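So you can see what is in the structure, the chains are spelled out below.
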Amino acid sequence: MSPTAVPTRPGQQADPAPGVPPAPFGFPRRLDALHAQVLREDAGGPPARRVPSPEGLVLLAAADPDGSSPGRFGLACRPATPEELAVPAPARAAFGAGLLALHCDLVEHTLRHALDHLAARTSGGADLLSRQLVQAGLADAALALLEERAGGPPAGQDALARAHLRLVAAGRTLLRLLGASGFLADGPGGELHAAEIAANVYAHPGTEG
Amino acid sequence: MSDTGGLAAPPAVTYPTVYAPPAAPLAGTDLDPPLRALDRHCRELSEGMREAGAAVDRDPDAIAGLLHLPAVGFQAQGSLPPEYRDTGAHPAGPVQASASSLGWAVTAERLAYGDAGVLLACPGPSLSGLAVEALADDAQRTAYYERVTSAPTWTFFGLTEPRKGSAAMELETSLAPDDDGTLVLNGEKRYVGTAARAQTGVVFCRRAPGPWGIEAVLLDTAQQGFEAELLPMVGLRGARISHIRLTDLRVRPEQVLGRHRPPSRRGLYGALHVLYRGRPGIAGMALGVTQAVCDYTAAHRPAMPASARGRLDGVLDRAAALRRLVHTVAGEIDHGVVDVPRIGAVKSRAAALAEETTLLAAELLGPASLIEHPWLEKAYRDVRAFEYMEGTGAVHRLSVFHGLVKGDLLGSGPVPEPYVTPAGVSARAGGRSAG
């Protein structure tokens, strides 16, 4: 399979060192911000309440950034409080839509990182981005993302679950292209794992209310 | 970076499940009596590996306190020459049966059913032993095996580089004489299992241009100029994936493996020899976790609807077919035939199946299954490593494509040819060939 020339993209780094983790997306922090935004508790600092999952669990950013918190990949999980269980359906739906948007944004962040990372890796005298197999994988992920964003808010929990599963597949495609670096906990692999757990908790197939 | 690889450790967990691996033989298995005995033996050895796996996931260095587990000692025995084996601790029959590629695939599957992370955390020759077997002269071989059997010894196989992945032909780590003629090693290796905790290992490096300019050097990690650190990985943390920095590390002539051999049968030959032979073992591990996840899912959702059961059965059907293929390619390796595209295809398909199976299990076990089933969440993370270990799926897909074009992928191929040729060496796109 012959390499195909790829023009340099605007803003592309000249030679980012492979293996250097990309700027973090900050999925756990953004998840907490989403909780706060939906519950209108965005006055700064962690929100007092979070939106519960259909099964009555709450996923939140692990409070302690130094790694001593009980959660991993920046997340912690606990049962919802009575106040949280009283969060009304419209707020839960808004949170669901927001979580899907967050997952989309993370996949896009990973896609942009993959473009930079693969442009800096060479094989057979050409950068990996010029390989048709790599181009196809990136295109697949980009198309999945485009389609997901074009779909509008999912109608119901099952549709939301299916949308997340499609994003999980797109994310896994990108992680496979990143090879071992996609398995680093402090890179896109760790962040996408956190997003997959969030989808597993909040948008599981078969939990239609 | 912390001792646990920079990843916040999870709380200690106990897996609330009855451990009941399937009785031998597994579907798709057609083994001769010694290998069936090995299969049964490893099934028994895998008891207790789940608990060990939780400990190693929490702290990969916990393996040092788990050396008493029979599986930990057993897995290395088959990779030792008979004169170095611990005959008092392990039955000779299963050890001997595990010494082949097919035997290792069987062993890897059964022990990975227990825990793949523990299997990869174990001391022993592992891939570096395959390199020594392929390349070393008598003195190097003796020194190596005496070293790794004198005490629990961890080893590494340093091929992959930050900029080049595991493309053996293109590696940049250099071996060059300094002003007084001493060979000096400089470069970096990344995503190398166990390196930050190993005592010895093999590093591949470039001494001269061209395919025959690659050398394999046996290092002691205590040598000045060797630095390694654990990388924080999403899963399979027992593998203790590491980053190595080599800075003006002075190499004695006797550390160059295969110094008695012609260049065409040294460094690159050794790298490819090991990579091809490692792949059926990775495929076996992927199938072991696949089977374990299926069994776990069925045990925790006994009243599964027919549609869900059908999806799980579909996974088991594919696992049986892949198991047959793994055993076929491993058996061929044992008979000196290295079918590069088929070996890669089998490994990549097994890795993909393991990944798909964990996604399916997370779905079938219901909302928050990745919170409520810590063992599943660990398997869900672990299996993703099989995708890139011993070559990514993309690399193997290209190899399959080349095998298809050459016409030998689906059987009755042309006359075998050497898999390392001066005209076009590739670790990625070789044909069916004699190993």
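Residues numbered from 1 in each chain as written. Chains lettered and ligands numbered in written order. Predicted model: local features only at pLDDT ≥ 70, side-chain atom pairs only at ≥ 80, totals over all residues. Heavy atoms only, no water.

Q: Tell me about the overall build of chain B, and name the residues and values.
A: Counting secondary structure elements, chain B contains 14 helices and ten strands. Here chain B holds 435 residues, and 60% of them are scored as buried. Considering only contacts within chain B whose residues lie at least 6 apart along the sequence, 75% involve residues at least 24 apart. (Helix = DSSP H or I, 4+ residues; strand = E, 2+ residues; numbered from the N terminus. Buried < 20%, exposed > 50% of the residue type's maximum accessible area, 1.4 Å probe, protein only. Contact = heavy atoms within 4.5 Å.)

Q: Any chance you could break down the interface of chain B and chain A for me, citing the residues and the numbers?
A: At the junction of the two partners, chain B supplies 45 residues and chain A supplies 44 residues. Taking both partners together, chain B and chain A bury about 3,700 Å²; carbon and sulfur atoms supply 60% of that area. Seen at the junction of chain B and chain A, the total is two salt bridges. If you list the elements that add at least two residues to the side of chain B that touches chain A, you get β3 (183-193), α10 (340-364), α11 (369-372), α12 (374-382), α13 (384-388) and α14 (393-406) of chain B. Partitioned by chemical class, the residues of the side of chain B that touches chain A number 23 nonpolar, six polar and 16 charged. (Buried area = accessible area lost by both parts, 1.4 Å probe. Salt bridge = Lys/Arg side-chain N within 4 Å of Asp/Glu carboxyl O. Nonpolar A, V, L, I, M, F, W, Y, C, P; charged D, E, K, R; others polar.)

Q: An account of unusual backbone geometry is needed here, citing residue identities and associated values.
A: Residue and element names in this part refer to chain B. Of note in the backbone geometry, Tyr 191 takes a positive phi value of approximately 65° without being a glycine. Backbone geometry places Arg 240, a non-glycine residue, at a positive phi of 45°. In this fold, Arg 240 is placed in the loop between β6 (226-230) and β7 (241-251). The class for Arg 240 is buried, based on a relative accessible area of 5%.

Q: Please set out the pairing of strand β2 (residues 174-177) of chain B residue by residue, giving values where relevant.
A: All names here are of chain B. Relative to β3, β2 is paired through four bridges, and the arrangement is antiparallel. By the bridge assignment for β3, Ala 176 is matched with Val 184. With antiparallel pairing between neighbouring strands as the criterion, β2 and β3 make up a hairpin whose turn holds five residues, including Gly 181 at a positive phi of roughly 90°. (Pairing = 2+ DSSP bridges.)

Q: Which residues make up the nonpolar core, and what values go with them?
A: In terms of nonpolar packing, the biggest core is built from 182 residues, with Phe 27, Leu 99 and Leu 138 of chain A together with Leu 185, Phe 204, Leu 376 and Phe 386 of chain B touching the most fellow members. Top element by residues in this core is helix α8 (residues 267-300) of chain B. It accounts for 17 residues. Inspection of this core shows a minimum of three residues originating in each of domain 1 (151-265) and domain 2 (272-434) of chain B. Excluding residues within four positions of it along the chain, Leu 138 of chain A makes contact with Leu 111, Ala 114, Leu 115, Leu 118, Leu 129, Leu 174 and Leu 177 of chain A. (Core = buried A, V, L, I, M, F, W, Y, C linked by side-chain atoms within 4.5 Å. Domains from an automatic or database assignment.)

Q: Before we move on, could you go through helix α3 (residues 70-77) of chain B and cite the residues and values that matter?
A: Since the α-helix advances by 3.6 residues per turn, residues separated by three or four positions end up pointing in the same direction. The buried fraction of α3 of chain B amounts to six of the eight residues, a majority that puts the element mostly inside the structure. Within α3 of chain B the residues assigned to the buried category are Ala 71, Val 72, Phe 74, Gln 75, Ala 76 and Gln 77 of chain B.

Q: Any details on the pattern of salt bridges? Residues and values, ideally.
A: Tallying each qualifying case throughout the model produces 34 salt bridges over all chains. Two residues, Arg 311 of chain B and Glu 363 of chain B, come together in a salt bridge whose shortest N-O distance is 2.9 Å. Within this pair, whereas Arg 311 of chain B is found in helix α9 (residues 306-334), its partner Glu 363 of chain B is found in helix α10, the two being separated by 52 residues in sequence. For Arg 311 of chain B, a relative accessible area of 39% gives the class partly exposed. A single network of salt bridges, built from pairs that share partners, joins Asp 105, Glu 108, Arg 112 and Arg 149 of chain A.

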